[in-house]
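Residues per chain are reported as follows:
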Amino acid sequence: MDRRRFLGTLGGAGIACLAPSALLARGADGVVIAVVDADQGSAYGRGAILGIEEGERAAALLRSPLRFARYQSPGVADTAALARRLAGEGAAGIVSALPGRIQRSLEGAAVSEGLVLLDARPAPPVGMYGADRGQEREPPAAGGVFRTGVPSAAYGLALLEALVSAHPAWRWEVVVEEGAPEARVRDVRQRLGEAAGDANAAGPQGQVDARVRIGRGTRAGDQDDGGIPTVLIDPATPGPPQPVEGFRATLWDAALFRYGAEQLNERYRRRFGEGMDGAAWSAWMAVKALTEATLRTPPGAGVEAGLAGPRAAFDGHKGAPLTFDGPGGTLAQPLYVVGQGETREVEWPGTERDG
Amino acid sequence: MTDRWQASLGGARTRARRAARGARAGAAVTAMAALALGLLLSGTPASAQTAHHLYVSNEHDGTVSVVDPVDRVVVRTIDVGHGPRGIHVAPDGRVLVALSDTMRRSESDRDRIVVIDPASGDIVAAHRAGTDPEQFGISRDGVTIYAANEDAGTASVMDLESGEVTARLMVGIEPEGVAVSPDGRWVYVAAETSSTVSVIDTRSDEVVATFLVDVRPRGVAFSPDGSLALVSNEISGTLSLIDAERHAVVGTVELPRLAKPVGVVFSPGGRRAYVALGGEDGVAVVDVAGRSLVEIVPVGERPWGVALSPDGRYLYTANGRSDDISIVDTRSLTEVGRVAVGAGPWGVAVRPLTNDG
């Protein structure tokens, strides 16, 4: 008897591009995770596709009725209707990474319908500190919204921290623009310690090796820079400082290999023929987290507890349990600063977490 | 294919023989001293009942260290190839090691399960077992290998004698831990990314069930009577207790949150389990019935692989970052010795000494 075989295709595991009207109802044919704009045209879309494919495979193995449905981006006027329809048809939640106003509208609509929403934007416009610090705006939607990215300012802080760690002898100059958040200035100065001078102070600053510029936090609009510390390397000669070259802070890098990162990178590369970046990882993570929370949630219970309950933790191949307890529902996680042939990990949230 | 593989390892054998000759020359002198010392010092594994060697896979330098735990010396070093990880002793006494090519982009010629003749230290076979065969289990009769293919998300069923892969089964995503039940009926394959355990029925070589455990399962072990299994969950910092008849999670043992449990083994009586805690540089001693952590015994840095002496008196851990193994006395629950091995020790297997010993 020839026992050679390959059980490579799971029945029903293929991805179906479903129109909203084709959604499956909970209890009859299963529970649905809705993913917006999961197409190969963007890194977000590719990451979401990998998450969907892996989620479908897990669901098939577990004989779970969980299904995934893809949607095109709705207009602002359509978000409430979409959320209402999804809630009525038994969706567990939504994954999206839309432009600011539409994303915010969809978040609000999802929350009002009792759905969870996974915001997969790598840099969602949320405050760094929460209400008690009172320096920056609040998250655009409360409860039920979880974010796999981190505030844009966190990237600047991570870059700063990595450079300070790599070059402890550097002397830094801090340029504080008018209206910059006080908490951010405090964080930067705390990180730089005695190495920090102050470009805004009177008097000569002396020679500096690098400069960090702290911008004004945006309190309205969709393009929130959150007071990003722009880290600059100051040339020895007078003139405008130049951005740091060769360094970048990111959620993910295609060269990561520890903690199973190599396996994830390889799966992504095999599927799409390119390396995984932060946007793709954020989307993959959002789909994965929502999938796991849904699979672990007993029938009739809310999936929110699976995302944020006391035992909720996720594996993002970053070597630590990842939890959605960062400010604004962000995923607490290591960021990576990549440059000059090395990668450094910087925790988000860092020291400001207790602030 | 096997011949070519062996030919490329000619240098390895020379080195192994040199190490073995050196070890044999010193063995006569040291044996009596070691025995006397063993009688004097509690915690020195010297009894005839526990006469055994340890085989340690060293991931970073591509070797297997053969350790005499009585003399606490490496008696032989065997070059096996790139990335040795999972290591087990077959019922016939041969030693099997999984090799993974970590620089691969697809299944590589370096992805193999090699078979070591313990008498000569030679690699006598090198079998393909799918891509990235990190861990594997051996059937009770020693005929069949069940290997997790981490990259492919499959489990390969392989005939050990012929090396033929007879089935590739879809399991969870990024499978690693594999264990065969004591009666040989079931094989559990834990998958890290999907946090699942797939159950293979060895009568049909089909996946008959899959269940969720906590986050990022790494190691799997069955209790000696086969009624229970334990799965270590690295990211959750927990152990899942499995009813191995129903294939269902029936309990959880909480470990320190960042303990990163990996290798797990039951004591011979099944009352205790020992779990390597990579994040704690220690071994968790677990009361199985009480589902509770008894103690954490400090060992070397980042222990992953664990194994027990045949009588259960000594526990051995492969310490990946300190490049050594720890010897733990399971009565006093203390580390009683260390032996330096190769670079990046990953797994450890115990081989009772027989006529070739």
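To be clear, the structure that these remarks concern was listed above.
**Q** Please explain the overall build of chain B as it appears in this structure.
**A** For chain B, the count of helices and strands is two helices and 28 strands. Counting every position in chain B, which comprises 357 residues, the buried fraction comes to 63%. Here the contacts in chain B between residues at least 6 apart in sequence split such that 44% fall between residues at least 24 apart. Roughly 12600 Å² of accessible area belongs to chain B as shown, and the carbon and sulfur atoms make up 50% of that amount.

**Q** Please explain unusual backbone geometry as it appears in this structure.
**A** Note on backbone geometry: most residues besides glycine have negative phi, and most peptide bonds are trans. All names here are of chain B. Unlike most non-glycine residues, D132 shows phi in positive territory, near 55°. You can see D132 is positioned in the loop between strand 7 (123-127) and strand 8 (133-138). The backbone phi angle of E174 is positive, close to 65°, even though this residue is not glycine. Considering the arrangement of structural elements, one finds E174 in the loop between strand 11 (165-170) and strand 12 (175-180).

**Q** Explanation requested: the pairing of strand 14 (residues 333-339) of chain A in the structure shown.
**A** The two faces of a sheet get side chains in turn, since along a regular strand they alternate between them. Residues and elements named next belong to chain A. Judged by how many residues are buried, strand 14 sits mostly within the fold: seven of seven residues are covered. Where strand 14 lies against strand 15 (residues 342-348), seven bridges are found, and the strand directions are antiparallel. In the strand pairing of strand 15, G339 is matched with E342. Where strand 14 hands over to strand 15, the hairpin turn is made up of two residues, of which Q340 adopts a positive phi near 50°.

**Q** Which parts of the structure should I look at to understand the interface of chain A and chain B?
**A** Interface size is often expressed as the accessible area that is lost when the parts come together. Listed by partner, the interface residues are 37 residues for chain A and 45 residues for chain B. Between chain A and chain B, roughly 3400 Å² of surface is buried when both sides are summed, and carbon and sulfur atoms account for 47% of that area. One can count four salt bridges joining chain A with chain B. D315 of chain A is the salt-bridge partner of R216 of chain B, the closest N and O atoms lying 2.8 Å from each other.

**Q** Could you clarify how one ought to interpret the sheet that holds strand 15 of chain A in this entry?
**A** Consider a sheet: its strands pair through backbone hydrogen bonds, and that pairing is either parallel or antiparallel. Residues and elements named next belong to chain A. Read across the sheet, three strands follow the order 11-14-15 without closing on themselves; strand pairing throughout is antiparallel. Sheet topology places strand 11 (247-250) and strand 15 at the edges, where each strand pairs with a single neighbour. Pairs of neighbouring strands in the sheet enclose a mean axial angle of 25°, with direction left out of account. Bridge count between strand 11 and strand 14: four bridges; the pairing is antiparallel. Bridging across to strand 14, R248 finds its partner in V338. The strands touched by helix 4 (residues 152-166) are strand 11, strand 14 and strand 15; relative to strand 15, the strand with the most contacts, the crossing angle is about 125°.

**Q** Looking at this structure, how should I read the packing of helix 1 (residues 43-61) of chain A against helix 6 (residues 261-272) of chain A?
**A** When two helices pack together, their arrangement is given by the angle between their axes and by how far apart the axes lie. Residue and element names in this part refer to chain A. Contact geometry of helix 1 with helix 6 gives a least axis separation of 11 Å together with a crossing angle of 105°. By the criterion of interaxial angle, the relationship of helix 1 to helix 6 is roughly perpendicular. For the pair helix 1 and helix 6, contact is made by A43, R46, G47, I49, L50, E53 and E54 and by L264, R267, Y268, R271 and F272, respectively. Taken together, the residues of the contact of helix 1 with helix 6 sort by class into six nonpolar, one polar and five charged.

**Q** I tried to follow the nonpolar core on my own but got confused; where do I start?
**A** General note: in soluble globular proteins, nonpolar side chains tend to be found buried as a group. All names here are of chain A. Residues V35, V95, L118, M276, W281 and L307 are the most contacted members of the largest nonpolar core, which totals 72 residues. With 11 residues, the top contributor of residues to this core is helix 7 (residues 278-296). Aside from chain neighbours lying at most four places away, what touches L307 is V116, L118, F146, A289, L290, A293, A312, F314 and F324.

**Q** For this particular structure, what's the right way to read the packing of aromatic side chains?
**A** Any aromatic ring pair is given by two values, namely how distant the centres are and how the planes are angled relative to each other. In the structure shown here, the tally under the stated rule is eight aromatic pairs over all chains. A centroid spacing of 4.7 Å and a plane angle of 50° characterise the contact between Y188 of chain B and F222 of chain B, whose relative ring orientation is tilted. Here Y188 of chain B is found in strand 13 (residues 186-191), whereas its partner F222 of chain B is found in strand 16 (residues 217-222), with 34 residues between them in sequence. The residues Y188 of chain B and F222 of chain B share a single accessibility class, namely buried. Seen in terms of ring centroids, W304 of chain B and W346 of chain B are 6.2 Å apart; in terms of plane orientation they differ by 90°. Their pairing is edge-to-face. With W304 of chain B in strand 24 (residues 303-308) and W346 of chain B in strand 28 (residues 345-352), the pair connects residues that are 42 residues apart, well separated along the chain. Across the pair, W346 of chain B and W304 of chain B agree in class, each one buried. The aromatic ring of W281 of chain A is capped on one face by K318 of chain A, whose charged end is 4.1 Å from the ring centroid. Here R218 of chain B stacks its cationic end above the ring of W304 of chain B, 4.4 Å away from the centre of that ring.

**Q** Quick question: what am I supposed to make of the sheet that holds strand 8 of chain B here?
**A** Residues and elements named next belong to chain B. Reading across the sheet, the four strands line up as 8-9-10-11 and stay open at both edges, with antiparallel pairing between neighbours. Every interior strand has two partners, whereas the edge strands, strand 8 and strand 11, have only one. Neighbour to neighbour, the strand axes of the sheet diverge by 20° on average, direction disregarded. In terms of strand pairing, strand 10 (residues 154-159) meets strand 11 through five bridges, oriented antiparallel. Directly across from A155, in strand 11, lies its bridge partner L169.

Parameters and conventions
Residues numbered from 1 in each chain as written. Chains lettered and ligands numbered in written order. Predicted model: local features only at pLDDT ≥ 70, side-chain atom pairs only at ≥ 80, totals over all residues. Heavy atoms only, no water. Helix = DSSP H or I, 4+ residues; strand = E, 2+ residues; numbered from the N terminus. Buried < 20%, exposed > 50% of the residue type's maximum accessible area, 1.4 Å probe, protein only. Contact = heavy atoms within 4.5 Å. Areas by Shrake-Rupley, 256 points an atom, 1.4 Å probe, with all protein chains shown as cover. Pairing = 2+ DSSP bridges. Buried area = accessible area lost by both parts, 1.4 Å probe. Salt bridge = Lys/Arg side-chain N within 4 Å of Asp/Glu carboxyl O. Axes fitted to C-alpha atoms, helices over the stretch in contact; angles between N-to-C directions. Parallel < 35°, antiparallel > 145°, perpendicular 65-115°, else oblique. Nonpolar A, V, L, I, M, F, W, Y, C, P; charged D, E, K, R; others polar. Core = buried A, V, L, I, M, F, W, Y, C linked by side-chain atoms within 4.5 Å. Phe/Tyr/Trp six-rings, centres within 6.5 Å; stacked < 30°, edge-to-face > 60°. Lys NZ or Arg CZ within 6 Å of the ring centre and 35° of its normal.

Keep in mind that these numbers describe shape and distance, not what the molecule does.
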